[in-house]
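Chain by chain, the residues run as shown.
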Amino acid sequence: MRLPDHKEERIRTNEEVEQIYLDQNYSNEVYSGKKYFIKTYGCQMNVHDSEEISYRLETLGFEKVEELEDADLVILNTCAIRENAHDKLYGFLGRCKHLKDTKKDLIICICGCMAQEERVVNEILTKYPYVDIVFGTHNIHELQDMLLNRVKGTDIEVYSYEGKVYENINYKRDSKVKAWVNIQYGCDKFCTYCIVPYTRGKQRSRKSSEILKEVECLKENGYKEVTLLGQNVNAYGKDIEGELSFAELLESVAKTGIDRVRFVTSHPWDFTSEMVDIIAKYANVMPYIHLPLQSGSSNILKLMGRKYTKEEYLKLYKEIREKVKGSSITTDIIVGFPGETEEDFNDTLDVVNECKFDSAFTFIFSPREGTPAEKMEDNVSLKEKEDRLHRLNDVINKYSLIHNEECVGKTFKVLLEGVSEKDDTKAFGYTDHMKLVNVKGGLDYIGEIVDVTITDAKSFSLDGEIKK
Ligand code: 5AD
Ligand code: SF4
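The residue count restarts for each chain, going from 1 along the sequence in the order it is written. Written order decides the labels, with chains lettered from A and ligands numbered from 1. Note on the predicted model: pLDDT of at least 70 is required for a residue's local features to be given, and 80 or more for side-chain atom pairs to be given and counted; whole-chain, interface and lining totals, by contrast, use all residues. To get the side-chain values, take all heavy atoms of the structure and skip hydrogens and water.

Participant: Sorry, what's going on with the site of ligand 2 here?
Facilitator: Neighbouring ligand 2 are Cys-187, Lys-189, Phe-190, Cys-191, Tyr-193, Cys-194, Val-196, Pro-197, Gln-231, His-267 and Arg-306. Along the lines of polarity and charge, the residues of the shell around ligand 2 split into seven nonpolar, two polar and two charged. Throughout this document, a residue counts as near a molecule or strand when at least one of its heavy atoms sits within 4 Å of that molecule or strand. Put simply, Ala, Val, Leu, Ile, Met, Phe, Trp, Tyr, Cys and Pro go in the nonpolar bin, Asp, Glu, Lys and Arg in the charged bin, and everything else, Gly too, in the polar bin.

Participant: What's the story with the sheet that holds strand β10 (residues 225-229) in this structure? I'm lost.
Facilitator: In spatial order, the strands read β7-β10-β11; together these three strands make up an open sheet with parallel pairing. Two strands in the sheet have a free side with no partner beyond their single neighbour: β7 (178-182) and β11 (260-264). Neighbouring strand axes in the sheet, compared pairwise and without regard to direction, differ in orientation by 25 degrees on average. Should any heavy atoms of two residues lie within 4.5 Å, those residues are considered in contact. Angles here are taken between N-to-C directions and fall from 0 to 180 degrees, while the axes themselves are lines fitted to C-alpha atoms, restricted in helices to the stretch in contact. Starting at the N terminus, helices and strands are each numbered in turn, a helix being any DSSP run of H or I of at least four residues and a strand any DSSP run of E of at least two. Packing against the sheet, helix α7 (residues 208-220) makes contact with β7 and β10, and its axis sits at approximately 170 degrees to β7. Strands qualify as paired when DSSP identifies two bridges or more between them.

Participant: Where do I start with the domain arrangement of the chain in this structure?
Facilitator: Interface extent is often summarised as the accessible area lost during association of the parts. An automatic or database domain assignment is the source of the domain bounds shown. Split into domains, the chain comes out as domain 1 (14-157), domain 2 (175-270), domain 3 (287-405) and domain 4 (411-466). The C-alpha-based centres of domain 1 and domain 2 are spaced at 26 Å. The term buried area means the drop in 1.4 Å probe accessible area that two parts suffer when joined, counted for both and summed. Buried area between domain 1 and domain 2, both sides added, is near 1300 Å², and the carbon and sulfur share of it is 60%. Contact with domain 2 buries surface across domain 1, with Gln-44, Met-45 and His-48 losing the most and accounting together for 46% of the total. The salt bridge involving Arg-200 is made with Asp-49; its shortest N-O contact spans 3.0 Å. Of the residues assigned to the side of domain 1 that touches domain 2, the class counts are five nonpolar, six polar and three charged. Salt bridges, as used here, are contacts in which a Lys or Arg side-chain nitrogen is within 4 Å of a carboxyl oxygen on Asp or Glu.

Participant: Please explain the site of ligand 1 as it appears in this structure.
Facilitator: With respect to spatial proximity, the complete set of residues near ligand 1 consists of Ile-81, Arg-82, Tyr-193, Gln-294, Asp-332, Ile-334, Phe-363, Ile-364, Phe-365, Ser-366 and Arg-368. The definition of a polar contact used here is a pair of N or O atoms within 3.5 Å, where within protein one atom must be able to donate a hydrogen and the other to accept one, and adjacent residues in sequence count solely through side-chain atom pairs. One of the side-chain nitrogen or oxygen atoms of Arg-82 is found 2.9 Å away from an oxygen atom of ligand 1. For ligand 1, an oxygen atom lies 2.7 Å from a polar atom in the side chain of Gln-294. Only the protein chains shown count as covering a residue, and every accessible area follows the Shrake-Rupley method with a 1.4 Å probe. Across the complex, the protein chains shield 87% of the 400 Å² of accessible surface that ligand 1 would expose by itself. Contributions of two or more residues to the shell around ligand 1 are made by β13 (328-335) and β14 (359-364). Looking at the shell around ligand 1 residue by residue, the classes come out as six nonpolar, two polar and three charged.

Participant: Can you walk me through the sheet that holds β13 in this structure?
Facilitator: Reading across from one edge, β12-β13-β14 is the order of the three strands in this open sheet, with parallel pairing throughout. Looking at strand neighbours, the two that pair on one side only are β12 (288-290) and β14, the edges of this open sheet. Taken pair by pair, the neighbouring strands of this sheet meet at an average axis angle of 10 degrees, ignoring direction. Sheet analysis places β13 next to β14, joined by six bridges and oriented parallel. The partner of Val-335 across the bridge, within β14, is Ile-364.

As structure tokens, then:
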């Protein structure tokens, strides 16, 4: 039994997809009323994959639960970007094993980026025999098949259908107001530290016509915000002859008239002035750019294979700040890359002091199997790496707070997404420039874009109230 080939030109409604499964003898009797628990590690790409996985499970009759203990099926959608991701997974697997001791029929399933790593799959097979299903990032569409055709032992589907882009995918989206929209899969950049090109394959862009259809459909269904998703969105279309550039795609998406358009992640090397102009030109393209720096030292950037120098990064950064009014720019930085000297690290601090990023994700270098950086001599001690991370975070946090304090007293448009986790008398949402705000008086406006006056600033969030 195979999944239907999605050849139709338009996006199907959920009912139509369900009908297709029924026509193909996809019976949901086996799993009707069964419960699934899904745990997602890592980036937005995984979060969005989990939305697809959830949809597929629900076509089989599964219902989602929030507690592991209530589950008949556990899905662990894994991340491989740093070593600690492995430790987290194995820790959680221990809990699953414990549950399976009392619940013999429990199905345990591992997917995501770690499932694309040969060593990990072998390790699971030998050390974790109670895992039932392993499927890779290219095999999500096989999930219903695997569950319906389960044989004894561990089912493994981690073939790489690289080249192939599936269209008309349905999702059980976590939000009713904002949606992820994949524009490309994989990455061709091969930064020397990064495992993504190995776990997600080479870059495959979706056709712009399909992306635009999806955005139109989301808009018709009341979505207020889309985030165009890819590992290097700026390289969008380069792998398809005659396809739009990212600047052109962004412009077309803006012209659909959806209230808000965002995009992640950007690579400075592929970021053109034309793209900056489009961001500046359209009011519904949000003035928020996540622009990973990785290091402020041109020597280290070269070793990382990032293809830009410190000066080129700064030039682009300044161009964005100058042209895009009210912008916020965030970044990713790795400390302790092999060969990083104190001088290199000081270059990173210099760039941070010059750019004054709105915020940043900071990491200690983690050698990943099979990447070029794994073979480079790691001559920075762990103590030194931790010390650098600490010093870097102090500076980053200082600027985050300054940026947030500058918001106090000002009014911003905020898309209210739901009830605040910290205080259930408030709603939470994000400003155009991606600042998290907890909003007093916001509960009646969830799902709407409202004017919010900022009353207080913390390092990682703002407090505000509906503008009177
Ligand atoms: N070690 C540490 N950080 C890494 N990142 C990617 N690979 C590694 C690694 N091997 C960071 C980069 C990237 C972010 C998603 O994760 O900063 O932008
Ligand atoms: Fe990894 Fe570099 Fe591709 Fe980003 S651009 S996913 S860091 S290889």
